[in-house]
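# Architecture at a glance
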Amino acid sequence: MNKKLIGVAIGAGIAITIAIIFFVIPQLQTGPGPISVGPINSSHNPKLGLVIMPPTQTPTLQEIKNAYAQAASTGIGRSNVYLSWPLMEPKQGAYNWSYSDILMGLNREQGLNVTLYFSVVNNQILGPFPTWMGKPHLDQKLQDQTVTTLDAILSRYYIVDYVIIGGSVDNYFRDNPNEIPQYVDFFNGVYEKLKVKHPNVKFGNWFSLNDIINHSQGDIVGKLNQGDFVAYSYAPVDLLYYQSTSTDKASANLQKMIDFAQGKKIALMEIGWSTDPSLNGTKEDQQKFVKTVYDFYKKNQSDFEFLTWYRQYDRPVDTCYNSLNQESNSIFGNNVVLNNTAAYLCGTGLFDINKNPKPAWDELKNQIQSVPNS
(Lines give C-alpha, C1' and ligand atoms only; values in the text may rest on other atoms or scores of the structure.)
Protein backbone atom coordinates (compact mmCIF):
# COMPACT_ATOMS: atom_id res chain seq x y z
CA MET A 1 0.00 0.00 0.00
CA ASN A 2 1.06 3.57 -0.63
CA LYS A 3 1.98 4.88 2.82
CA LYS A 4 1.55 8.44 1.68
CA LEU A 5 -2.01 7.62 0.66
CA ILE A 6 -3.04 6.00 3.91
CA GLY A 7 -0.78 7.63 6.46
CA VAL A 8 -0.67 11.35 5.98
CA ALA A 9 -3.35 12.43 8.40
CA ILE A 10 -2.76 13.10 12.08
CA GLY A 11 -6.30 11.92 12.62
CA ALA A 12 -5.01 8.55 11.54
CA GLY A 13 -8.34 6.82 11.79
CA ILE A 14 -8.11 7.50 8.05
CA ALA A 15 -5.04 5.35 7.71
CA ILE A 16 -6.28 2.50 9.85
CA THR A 17 -9.77 2.38 8.37
CA ILE A 18 -8.58 2.29 4.77
CA ALA A 19 -6.26 -0.55 5.72
CA ILE A 20 -9.27 -2.47 7.08
CA ILE A 21 -11.11 -2.02 3.79
CA PHE A 22 -8.32 -3.61 1.81
CA PHE A 23 -8.33 -6.72 3.95
CA VAL A 24 -12.09 -7.16 4.15
CA ILE A 25 -13.11 -6.78 0.54
CA PRO A 26 -12.24 -10.29 -0.69
CA GLN A 27 -14.52 -11.84 1.95
CA LEU A 28 -17.65 -9.89 1.04
CA GLN A 29 -19.99 -9.49 -1.87
CA THR A 30 -22.25 -6.54 -2.47
CA GLY A 31 -25.27 -6.11 -4.65
CA PRO A 32 -25.94 -3.45 -7.26
CA GLY A 33 -27.87 -0.26 -6.77
CA PRO A 34 -28.02 2.55 -4.22
CA ILE A 35 -27.69 2.01 -0.50
CA SER A 36 -30.67 3.75 1.06
CA VAL A 37 -32.11 3.71 4.55
CA GLY A 38 -35.36 4.45 6.30
CA PRO A 39 -35.68 6.49 9.49
CA ILE A 40 -32.76 6.13 11.86
CA ASN A 41 -33.49 4.06 14.98
CA SER A 42 -34.96 6.46 17.54
CA SER A 43 -32.86 4.89 20.32
CA HIS A 44 -29.72 6.12 18.58
CA ASN A 45 -28.47 9.68 19.00
CA PRO A 46 -27.37 10.90 15.55
CA LYS A 47 -25.27 13.68 17.08
CA LEU A 48 -23.02 11.22 18.94
CA GLY A 49 -20.65 8.81 17.23
CA LEU A 50 -17.73 6.42 17.58
CA VAL A 51 -14.92 5.51 15.18
CA ILE A 52 -15.72 1.83 14.76
CA MET A 53 -12.69 -0.41 14.49
CA PRO A 54 -12.39 -4.20 14.86
CA PRO A 55 -9.74 -5.54 17.26
CA THR A 56 -7.48 -7.06 14.58
CA GLN A 57 -5.66 -5.66 11.56
CA THR A 58 -7.06 -8.38 9.28
CA PRO A 59 -10.56 -8.92 10.64
CA THR A 60 -13.09 -11.46 9.50
CA LEU A 61 -16.50 -10.31 8.37
CA GLN A 62 -17.98 -11.57 11.63
CA GLU A 63 -15.46 -9.57 13.69
CA ILE A 64 -16.41 -6.42 11.81
CA LYS A 65 -20.12 -7.06 12.24
CA ASN A 66 -19.57 -7.69 15.94
CA ALA A 67 -17.66 -4.43 16.28
CA TYR A 68 -20.48 -2.49 14.62
CA ALA A 69 -23.14 -4.14 16.75
CA GLN A 70 -21.13 -3.53 19.92
CA ALA A 71 -20.59 0.13 19.02
CA ALA A 72 -24.25 0.66 18.17
CA SER A 73 -25.29 -0.84 21.52
CA THR A 74 -23.93 2.28 23.25
CA GLY A 75 -26.66 4.43 21.68
CA ILE A 76 -24.46 6.18 19.12
CA GLY A 77 -26.20 7.27 15.95
CA ARG A 78 -23.26 7.78 13.61
CA SER A 79 -19.78 6.71 12.61
CA ASN A 80 -17.04 7.97 10.30
CA VAL A 81 -16.29 6.56 6.86
CA TYR A 82 -12.96 7.53 5.31
CA LEU A 83 -12.96 7.18 1.52
CA SER A 84 -9.95 7.50 -0.75
CA TRP A 85 -10.59 9.01 -4.17
CA PRO A 86 -8.05 6.71 -5.94
CA LEU A 87 -9.86 3.74 -4.43
CA MET A 88 -13.32 5.04 -5.33
CA GLU A 89 -12.67 6.11 -8.92
CA PRO A 90 -9.64 4.28 -10.39
CA LYS A 91 -10.82 5.27 -13.88
CA GLN A 92 -12.69 8.45 -14.66
CA GLY A 93 -16.42 7.89 -14.31
CA ALA A 94 -15.93 4.22 -13.36
CA TYR A 95 -16.63 3.87 -9.65
CA ASN A 96 -15.50 1.00 -7.48
CA TRP A 97 -18.43 0.67 -5.10
CA SER A 98 -17.33 -2.62 -3.56
CA TYR A 99 -15.26 -0.95 -0.85
CA SER A 100 -17.75 1.68 0.18
CA ASP A 101 -20.81 -0.58 -0.11
CA ILE A 102 -19.39 -2.73 2.67
CA LEU A 103 -18.88 0.11 5.13
CA MET A 104 -22.10 1.88 4.26
CA GLY A 105 -23.99 -1.40 4.48
CA LEU A 106 -22.62 -2.08 7.96
CA ASN A 107 -23.69 1.38 9.10
CA ARG A 108 -27.11 0.93 7.54
CA GLU A 109 -27.60 -2.42 9.32
CA GLN A 110 -27.04 -0.71 12.68
CA GLY A 111 -29.15 2.36 11.88
CA LEU A 112 -26.18 4.75 11.89
CA ASN A 113 -25.78 7.98 9.99
CA VAL A 114 -22.38 8.58 8.39
CA THR A 115 -19.88 11.40 8.47
CA LEU A 116 -17.94 11.07 5.21
CA TYR A 117 -14.31 12.13 4.93
CA PHE A 118 -13.32 12.75 1.30
CA SER A 119 -9.79 14.09 1.15
CA VAL A 120 -9.27 16.83 -1.40
CA VAL A 121 -6.80 18.22 1.13
CA ASN A 122 -5.21 15.69 3.46
CA ASN A 123 -2.87 17.21 6.03
CA GLN A 124 0.29 18.20 4.17
CA ILE A 125 -0.77 17.32 0.64
CA LEU A 126 -3.46 17.92 -1.95
CA GLY A 127 -5.19 14.65 -2.57
CA PRO A 128 -4.38 11.87 -2.88
CA PHE A 129 -5.95 11.80 -6.33
CA PRO A 130 -6.45 9.02 -8.90
CA THR A 131 -3.62 8.69 -11.41
CA TRP A 132 -5.92 9.61 -14.30
CA MET A 133 -6.20 13.11 -12.85
CA GLY A 134 -2.49 13.84 -13.18
CA LYS A 135 -1.45 16.62 -10.79
CA PRO A 136 -4.59 18.65 -10.09
CA HIS A 137 -4.67 22.25 -8.95
CA LEU A 138 -7.31 24.13 -7.00
CA ASP A 139 -9.08 25.28 -10.14
CA GLN A 140 -12.37 24.93 -12.01
CA LYS A 141 -11.42 21.54 -13.45
CA LEU A 142 -10.82 20.02 -10.00
CA GLN A 143 -13.97 21.69 -8.74
CA ASP A 144 -16.07 20.05 -11.46
CA GLN A 145 -14.45 16.64 -10.90
CA THR A 146 -15.03 16.86 -7.15
CA VAL A 147 -18.68 17.78 -7.63
CA THR A 148 -19.23 14.90 -10.05
CA THR A 149 -17.67 12.28 -7.77
CA LEU A 150 -19.24 13.49 -4.52
CA ASP A 151 -22.61 13.76 -6.23
CA ALA A 152 -22.30 10.10 -7.26
CA ILE A 153 -21.40 9.08 -3.70
CA LEU A 154 -24.16 11.11 -2.04
CA SER A 155 -26.75 9.92 -4.55
CA ARG A 156 -25.89 6.32 -3.69
CA TYR A 157 -25.60 6.59 0.09
CA TYR A 158 -28.47 8.44 1.73
CA ILE A 159 -27.13 7.77 5.21
CA VAL A 160 -24.34 10.32 4.64
CA ASP A 161 -25.42 13.61 6.17
CA TYR A 162 -22.06 15.31 6.77
CA VAL A 163 -19.10 15.59 4.39
CA ILE A 164 -15.56 16.71 5.19
CA ILE A 165 -13.90 17.97 2.01
CA GLY A 166 -10.51 18.91 3.48
CA GLY A 167 -8.83 17.18 6.43
CA SER A 168 -6.35 18.89 8.81
CA VAL A 169 -6.37 21.82 6.40
CA ASP A 170 -4.44 23.93 8.91
CA ASN A 171 -1.34 21.82 8.28
CA TYR A 172 -1.48 22.21 4.50
CA PHE A 173 -2.20 25.92 4.50
CA ARG A 174 0.35 26.67 7.19
CA ASP A 175 2.92 25.65 4.57
CA ASN A 176 0.95 27.06 1.61
CA PRO A 177 -0.79 30.23 2.79
CA ASN A 178 -0.83 31.76 -0.70
CA GLU A 179 -3.24 29.02 -1.84
CA ILE A 180 -5.95 29.92 0.68
CA PRO A 181 -7.89 32.20 -1.74
CA GLN A 182 -7.92 29.48 -4.42
CA TYR A 183 -9.15 26.90 -1.93
CA VAL A 184 -11.90 29.22 -0.67
CA ASP A 185 -13.13 29.67 -4.26
CA PHE A 186 -12.82 25.93 -4.88
CA PHE A 187 -14.74 24.97 -1.74
CA ASN A 188 -17.49 27.53 -2.33
CA GLY A 189 -17.98 26.31 -5.90
CA VAL A 190 -18.22 22.67 -4.82
CA TYR A 191 -20.53 23.59 -1.94
CA GLU A 192 -22.97 25.64 -4.01
CA LYS A 193 -23.37 22.99 -6.70
CA LEU A 194 -23.76 20.05 -4.31
CA LYS A 195 -26.23 21.91 -2.08
CA VAL A 196 -28.63 22.20 -5.01
CA LYS A 197 -28.89 18.41 -5.34
CA HIS A 198 -28.25 17.48 -1.70
CA PRO A 199 -29.76 20.25 0.45
CA ASN A 200 -29.90 18.08 3.58
CA VAL A 201 -26.19 17.26 3.53
CA LYS A 202 -23.84 19.58 5.42
CA PHE A 203 -20.27 20.30 4.30
CA GLY A 204 -17.22 21.59 6.14
CA ASN A 205 -13.47 21.53 6.65
CA TRP A 206 -11.59 19.64 9.35
CA PHE A 207 -8.89 21.26 11.50
CA SER A 208 -6.46 19.68 13.96
CA LEU A 209 -7.09 21.52 17.22
CA ASN A 210 -3.87 20.29 18.82
CA ASP A 211 -1.78 21.44 15.85
CA ILE A 212 -3.50 24.83 15.77
CA ILE A 213 -2.81 25.31 19.48
CA ASN A 214 0.76 24.02 19.30
CA HIS A 215 1.53 26.36 16.39
CA SER A 216 -0.49 29.36 17.72
CA GLN A 217 -2.47 29.28 14.48
CA GLY A 218 -6.04 29.94 15.63
CA ASP A 219 -6.61 32.66 13.04
CA ILE A 220 -6.54 30.13 10.19
CA VAL A 221 -9.94 28.73 11.14
CA GLY A 222 -11.65 32.01 10.31
CA LYS A 223 -9.99 31.98 6.88
CA LEU A 224 -11.18 28.46 6.05
CA ASN A 225 -14.54 28.13 7.79
CA GLN A 226 -16.60 27.90 4.60
CA GLY A 227 -19.62 25.62 4.48
CA ASP A 228 -22.09 24.67 7.19
CA PHE A 229 -19.81 23.91 10.13
CA VAL A 230 -16.21 23.73 11.38
CA ALA A 231 -14.91 20.25 12.21
CA TYR A 232 -12.00 19.42 14.49
CA SER A 233 -9.94 16.50 15.63
CA TYR A 234 -8.28 16.78 19.02
CA ALA A 235 -5.39 14.73 20.32
CA PRO A 236 -4.21 16.32 23.60
CA VAL A 237 -0.52 16.13 22.65
CA ASP A 238 2.45 18.44 22.11
CA LEU A 239 4.55 18.73 18.95
CA LEU A 240 6.45 15.54 19.81
CA TYR A 241 3.14 13.78 20.42
CA TYR A 242 3.58 13.40 24.16
CA GLN A 243 0.18 13.41 25.80
CA SER A 244 -0.77 16.04 28.34
CA THR A 245 -0.16 15.00 31.94
CA SER A 246 -3.33 16.82 33.00
CA THR A 247 -6.80 16.07 31.71
CA ASP A 248 -7.94 19.42 33.15
CA LYS A 249 -5.35 21.27 31.08
CA ALA A 250 -6.27 19.32 27.97
CA SER A 251 -9.94 19.93 28.55
CA ALA A 252 -9.45 23.69 28.83
CA ASN A 253 -8.59 23.72 25.13
CA LEU A 254 -12.07 22.52 24.14
CA GLN A 255 -13.52 26.01 24.47
CA LYS A 256 -11.08 27.19 21.80
CA MET A 257 -12.98 25.16 19.20
CA ILE A 258 -15.99 27.39 19.69
CA ASP A 259 -13.91 30.56 19.91
CA PHE A 260 -11.99 29.85 16.69
CA ALA A 261 -15.20 29.01 14.79
CA GLN A 262 -16.51 32.58 15.25
CA GLY A 263 -20.18 31.71 15.57
CA LYS A 264 -20.31 28.72 13.24
CA LYS A 265 -21.40 25.39 14.61
CA ILE A 266 -18.61 22.95 15.40
CA ALA A 267 -18.13 19.21 15.11
CA LEU A 268 -15.63 16.84 16.69
CA MET A 269 -14.62 14.36 14.01
CA GLU A 270 -12.16 12.54 16.28
CA ILE A 271 -11.22 13.01 19.92
CA GLY A 272 -9.48 10.51 22.18
CA TRP A 273 -7.10 9.81 25.03
CA SER A 274 -4.35 7.19 24.89
CA THR A 275 -3.67 4.86 27.80
CA ASP A 276 -0.15 4.03 26.58
CA PRO A 277 2.21 4.64 29.55
CA SER A 278 5.03 5.79 27.24
CA LEU A 279 2.91 8.89 26.54
CA ASN A 280 1.87 9.55 30.14
CA GLY A 281 -1.39 7.71 29.52
CA THR A 282 -3.48 5.91 32.14
CA LYS A 283 -6.87 4.22 32.08
CA GLU A 284 -8.05 6.46 34.90
CA ASP A 285 -7.23 9.60 32.94
CA GLN A 286 -8.92 8.23 29.83
CA GLN A 287 -12.10 7.64 31.80
CA LYS A 288 -11.88 11.13 33.28
CA PHE A 289 -11.34 12.68 29.84
CA VAL A 290 -14.42 10.93 28.43
CA LYS A 291 -16.52 12.44 31.21
CA THR A 292 -14.97 15.87 30.74
CA VAL A 293 -15.56 15.88 26.97
CA TYR A 294 -19.19 14.86 27.34
CA ASP A 295 -19.75 17.39 30.11
CA PHE A 296 -18.44 20.04 27.73
CA TYR A 297 -20.71 18.76 24.99
CA LYS A 298 -23.79 18.85 27.24
CA LYS A 299 -22.98 22.39 28.34
CA ASN A 300 -22.47 23.56 24.74
CA GLN A 301 -24.79 21.25 22.85
CA SER A 302 -26.36 24.08 20.87
CA ASP A 303 -22.93 24.83 19.34
CA PHE A 304 -22.37 21.24 18.16
CA GLU A 305 -23.32 19.45 14.96
CA PHE A 306 -21.90 16.15 16.25
CA LEU A 307 -19.28 14.55 18.49
CA THR A 308 -17.45 11.35 17.53
CA TRP A 309 -15.10 9.53 19.91
CA TYR A 310 -11.85 7.97 18.63
CA ARG A 311 -11.66 4.87 18.87
CA GLN A 312 -13.11 1.45 19.75
CA TYR A 313 -10.17 -1.02 20.04
CA ASP A 314 -6.45 -0.82 20.77
CA ARG A 315 -4.08 -2.49 18.35
CA PRO A 316 -0.41 -3.55 18.66
CA VAL A 317 1.70 -0.41 18.23
CA ASP A 318 3.55 -1.71 15.17
CA THR A 319 0.29 -1.82 13.18
CA CYS A 320 -0.12 1.93 13.65
CA TYR A 321 3.58 2.62 13.10
CA ASN A 322 3.57 0.81 9.76
CA SER A 323 0.59 2.81 8.54
CA LEU A 324 2.32 6.17 8.99
CA ASN A 325 4.21 8.08 6.34
CA GLN A 326 7.84 7.52 7.34
CA GLU A 327 9.46 9.74 4.71
CA SER A 328 11.86 12.31 6.16
CA ASN A 329 9.89 15.25 4.80
CA SER A 330 6.60 14.18 6.36
CA ILE A 331 5.26 15.35 9.69
CA PHE A 332 6.10 11.86 10.98
CA GLY A 333 9.71 11.92 9.71
CA ASN A 334 11.15 12.37 13.19
CA ASN A 335 11.58 8.97 14.90
CA VAL A 336 10.30 10.26 18.24
CA VAL A 337 7.17 11.63 16.58
CA LEU A 338 6.66 8.39 14.64
CA ASN A 339 6.90 6.24 17.74
CA ASN A 340 4.76 8.52 19.86
CA THR A 341 2.10 8.93 17.18
CA ALA A 342 1.86 5.16 16.77
CA ALA A 343 1.63 4.70 20.54
CA TYR A 344 -1.07 7.35 20.75
CA LEU A 345 -3.18 5.98 17.90
CA CYS A 346 -2.98 2.35 18.93
CA GLY A 347 -3.57 3.13 22.61
CA THR A 348 -6.72 5.25 22.35
CA GLY A 349 -9.12 2.33 22.18
CA LEU A 350 -11.85 1.73 24.72
CA PHE A 351 -10.85 -1.94 24.71
CA ASP A 352 -7.27 -3.15 25.17
CA ILE A 353 -5.44 -5.49 22.78
CA ASN A 354 -6.79 -8.47 24.72
CA LYS A 355 -10.34 -7.20 24.00
CA ASN A 356 -10.94 -6.32 27.64
CA PRO A 357 -13.01 -3.16 28.23
CA LYS A 358 -11.25 -0.23 29.85
CA PRO A 359 -13.13 1.85 32.43
CA ALA A 360 -13.72 4.48 29.72
CA TRP A 361 -15.98 2.06 27.81
CA ASP A 362 -18.63 2.03 30.55
CA GLU A 363 -18.11 5.76 31.02
CA LEU A 364 -18.75 6.36 27.31
CA LYS A 365 -21.93 4.29 27.39
CA ASN A 366 -23.20 6.07 30.49
CA GLN A 367 -22.44 9.47 29.01
CA ILE A 368 -24.10 8.76 25.66
CA GLN A 369 -27.21 7.38 27.32
CA SER A 370 -27.45 10.43 29.60
CA VAL A 371 -27.66 12.85 26.65
CA PRO A 372 -31.22 13.59 25.51
CA ASN A 373 -31.84 12.39 21.95
CA SER A 374 -32.66 15.63 20.20
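Notes on the structure follow. (Residues numbered from 1 in each chain as written. Predicted model: local features only at pLDDT ≥ 70, side-chain atom pairs only at ≥ 80, totals over all residues. Heavy atoms only, no water.)

### Examining the pattern of salt bridges
- Counting across every chain of the model gives 11 salt bridges.
- Note that Arg78 is salt-bridged to Asp161, the shortest N-O span being 2.8 Å. On the criterion of sequence distance, the pair formed by Arg78 in strand E2 (residues 76–83) and Asp161 in strand E5 (residues 160–167) is long-range, its members being 83 residues apart. Here Arg78 and Asp161 have matching classes, each one buried.
- Where Lys202 meets Glu305, a salt bridge forms, and the shortest distance between an N and an O atom there is 3.2 Å. Of the two residues, Lys202 sits in strand E6 (residues 202–208) while Glu305 sits in strand E9 (residues 304–309), which places them 103 residues apart along the sequence. (Salt bridge = Lys/Arg side-chain N within 4 Å of Asp/Glu carboxyl O. Helix = DSSP H or I, 4+ residues; strand = E, 2+ residues; numbered from the N terminus. Buried < 20%, exposed > 50% of the residue type's maximum accessible area, 1.4 Å probe, protein only.)

### Brief notes about the packing of aromatic side chains
- Summed over the entire model, instances satisfying the criterion amount to 24 aromatic pairs.
- Taken together, a centroid distance of 6.0 Å and an interplanar angle of 65° make the contact between Phe229 and Phe306 edge-to-face. Placement of Phe229 in strand E7 (residues 229–234) and of Phe306 in strand E9 is noted, with a sequence separation of 77 residues between them.
- In this structure Phe229 comes out as buried when scored by relative accessible area, which is 1%.
- Taking the relative accessible area as the measure of exposure, Phe306 reaches 0% and is therefore buried.
- Feature note: the residues Tyr172, Phe173, Tyr183, Phe186, Phe187, Tyr191 and Phe203 constitute an aromatic cluster, connected by ring pairs. (Phe/Tyr/Trp six-rings, centres within 6.5 Å; stacked < 30°, edge-to-face > 60°.)

### Considerations on the nonpolar core
- Among the nonpolar cores identified, the biggest contains 87 residues, and Ile165, Tyr183, Tyr232 and Trp309 are the most heavily contacted of them.
- Per element, the largest residue contribution to this core is 8 residues, and it comes from helix H8 (residues 180–197).
- Core analysis: the second largest hydrophobic core is formed by 25 residues, Ala235, Met269, Leu338 and Ala342 among them. (Core = buried A, V, L, I, M, F, W, Y, C linked by side-chain atoms within 4.5 Å.)

### Some points on the packing of helix H13 (residues 283–299) against helix H16 (residues 359–369)
- It is the contact of H13 with H16, at a shortest axis distance of 8 Å, that shows an interaxial angle of 15°. As summarised for this structure, H13 and H16 are arranged roughly parallel, according to the angle between their axes. For the element pair H13 and H16, the recorded crossing hand is right-handed. Residues Lys283, Gln286, Gln287, Val290, Lys291, Tyr294, Asp295 and Lys298 of H13 form the contact with H16, whose participating residues are Pro359, Ala360, Glu363, Leu364, Gln367 and Ile368.
- Split into classes, the residues belonging to the contact of H13 with H16 amount to 6 nonpolar, 3 polar and 5 charged. (Axes fitted to C-alpha atoms, helices over the stretch in contact; angles between N-to-C directions. Parallel < 35°, antiparallel > 145°, perpendicular 65-115°, else oblique. Left-handed = near helix turned anticlockwise from the far one by under 90°. Contact = heavy atoms within 4.5 Å. Nonpolar A, V, L, I, M, F, W, Y, C, P; charged D, E, K, R; others polar.)

### Considerations on unusual backbone geometry
- Here Gly127 and Pro128 are connected by a cis peptide whose omega angle stands at 10°.
- Following the sequence through the fold, Pro128 ends up in the loop between strand E4 (125–126) and helix H6 (140–156).
- In the segment running from Tyr310 into Arg311, the intervening peptide bond is cis, with an omega of 10°.
- Looking at where Arg311 falls in the secondary structure, it is placed in the loop between E9 and helix H14 (317–321).

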